[in-house]
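# Descriptive structure summary
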Amino acid sequence: MIQFTNVFKRYESGHEALQNVTFTLHEGEMAFLTGHSGAGKSTLLKLIMRMEVATRGHVTIDSLNLNNLARRHIPYLRRKIGVVFQDHQLLFDRSVYDNVALPLVIEGMNPQDIGKRVRAALDKVGLLSKEKLNPIMLSGGEQQRVGIARAVVNKPPILLADEPTGNLDPQLSAEIMQLFRQFNAVGVTVLIASHDLDLISRMGLRMMELSQGSLKQDGAYA
Ligand code: ADP
Ligand code: ADP
């Protein structure tokens, strides 16, 4: 589902953010991406979303070769990928419902189908009763769950998260991770960038560790 083959990424500044990174994340797998700040985690996620392009090597997402993906096919790629951010990037000028509906509105889906999808997504994250509220009324953990509902509302086969529990306490972080697990259990391929090693060790999942742009370790957390 996600395949990196000898991937290098050098920014215009000359900084080599990724060096010779090779890994495969199969369909239905769930893994963590860890490493110190500056190790290259965000760069790796941006290559998957085609927000950046590899300088050398190959990135393949769900059999799309991103090295020669036509610009017009980028929206098609993005629809396959749900993204959860640390700061959730919710819009505080509209309701929880409208936040979650946004990706579907942009896709041009009809309002009836949007209603079904949005309620299904809110139900999965346990926030069906809060659809009319403004997200500013919600706790940090609830806001992050709205962000997750928005990321999965168009049923993407891939879910990426960049430090999704960075602002949450351990209890709430564990709950958020359980949600990712639930999506993984129904077949979604999940990759989570995090440096919360406590949390990662408790999950007992595959962990890929980046160090100065290189994949230093790939396997069960030890
Ligand atoms: P992480 O997410 O692990 O903190 P990043 O992928 O954000 O790491 O960054 C990896 C390295 O690349 C860092 O040294 C960072 O300063 C550098 N970097 C990130 N984005 C850019 C950019 N747009 N231009 C130049 N250097 C960048
Ligand atoms: P740019 O015009 O700079 O390339 P993008 O279209 O890549 O901007 O992305 C705009 C914003 O939407 C970014 O913050 C990006 O991380 C986010 N984004 C991109 N793809 C998705 C997705 N599938 N789901 C959620 N957010 C996304």
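So, here is what we can say about the structure in this document.

Rules and cut-offs
- Residues numbered from 1 in each chain as written.
- Chains lettered and ligands numbered in written order.
- Predicted model: local features only at pLDDT ≥ 70, side-chain atom pairs only at ≥ 80, totals over all residues.
- Heavy atoms only, no water.
- Buried < 20%, exposed > 50% of the residue type's maximum accessible area, 1.4 Å probe, protein only.
- Helix = DSSP H or I, 4+ residues; strand = E, 2+ residues; numbered from the N terminus.
- Core = buried A, V, L, I, M, F, W, Y, C linked by side-chain atoms within 4.5 Å.
- Near = heavy atom within 4 Å.
- Polar contact = N/O pair within 3.5 Å; in protein donor to acceptor, adjacent residues only side chain to side chain.
- Nonpolar A, V, L, I, M, F, W, Y, C, P; charged D, E, K, R; others polar.
- Expected span 1.5 Å × (residues − 1).
- Arc of directions from axis to C-beta.
- Contact = heavy atoms within 4.5 Å.
- Pairing = 2+ DSSP bridges.
- Salt bridge = Lys/Arg side-chain N within 4 Å of Asp/Glu carboxyl O.

So, on to unusual backbone geometry. A positive phi angle, near 50 degrees, is found at His88, a position not held by glycine. The exposure class of His88 is buried, given its relative accessible area of 12%. Backbone geometry at Lys155 places phi at a positive 50 degrees, although glycine is not the residue there. Along the chain, the position of Lys155 falls in the loop between α5 (140-152) and β7 (158-162).

Most often, soluble globular proteins keep nonpolar side chains buried together rather than apart. Counting residues in hydrophobic clusters, the biggest one holds 38 residues, and the most contacted among them are Phe32, Val100, Val118, Ile148, Leu159, Phe180 and Ile192. Only β3 (30-34), α3 (96-107), α4 (111-124), α5, β7, α6 (170-185), β8 (189-193) and α7 (197-203) provide two or more residues apiece to this core. Counting 32 residues, the second largest nonpolar core, distinct from the first, contains Leu44, Ile74, Met208 and Leu210.

Lining the immediate surroundings of ligand 1 are Tyr11, Ser13, His15, Ala17, His36, Ser37, Gly38, Ala39, Gly40, Lys41, Ser42 and Thr43. Contact distances for ligand 1 include 3.1 Å between an oxygen atom and a side-chain N or O atom of His15. It is helix α1 (residues 41-49) that contributes the most residues to the shell around ligand 1, 3 residues altogether. Of the residues assigned to the shell around ligand 1, the class counts are 3 nonpolar, 8 polar and 1 charged.

Our next topic: α4. If you check α4, its first and last C-alpha atoms are 20 Å apart, about what 14 residues at 1.5 Å a residue would give, namely 20 Å. Within α4, burial applies to Ile114, Gly115, Val118, Ala121 and Leu122. Seen end-on, α4 carries its buried residues on one side only, within an arc spanning 140 degrees. Residues Gln112 and Lys116 are exposed on α4 and point more than 90 degrees away from its buried face. The elements touched by buried residues of α4 are α3 and α5. The N-capping residue of α4, defined by a side-chain oxygen 3.1 Å from the backbone nitrogen of Gln112, is Asn110. Directly beyond the C-terminal end of α4, a positive phi value near 75 degrees is found at Gly126.

Take the pairing of strand β9 (residues 206-211) next. Each regular strand shows side chains that alternate between the opposite faces of the sheet. Buried residues dominate β9, accounting for 5 of its 6 residues. Pairing of β3 with β9, which is carried by 4 bridges, proceeds in the parallel orientation. Looking at the pairing, Leu33 lines up with Met208 of β9. Bridge count between β9 and strand β10 (residues 214-220): 6 bridges; the pairing is antiparallel. By the bridge assignment, Met207 is partnered in β10 with Gly219. In textbook terms, the turn of a hairpin is the stretch between consecutive antiparallel strands, and for β9 and β10 this stretch comprises 2 residues, one of which, Gln212, has a positive phi near 45 degrees.

By the definition in use, this model includes 10 salt bridges. Of the charged contacts in the structure, one is a salt bridge between Glu52 and Lys9, with a shortest N-O distance of 3.5 Å. Remark: Lys9 occurs in strand β1 (residues 2-10) and Glu52 occurs in the loop between α1 and β4 (56-61); sequence separation between them is 43 residues. On the basis of relative accessibility, which here comes to 23%, the residue Glu52 falls in the partly exposed class. Between Asp93 and Arg94 there is a salt bridge, with its nearest N and O atoms 2.9 Å apart. With relative accessibility at 60%, the residue Asp93 sits in the exposed group. The exposure class assigned to Arg94 is partly exposed, which follows from its relative accessible area of 29%. One salt-bridge network, in which partners are shared between bridges, spans Glu29, Arg206 and Asp218.

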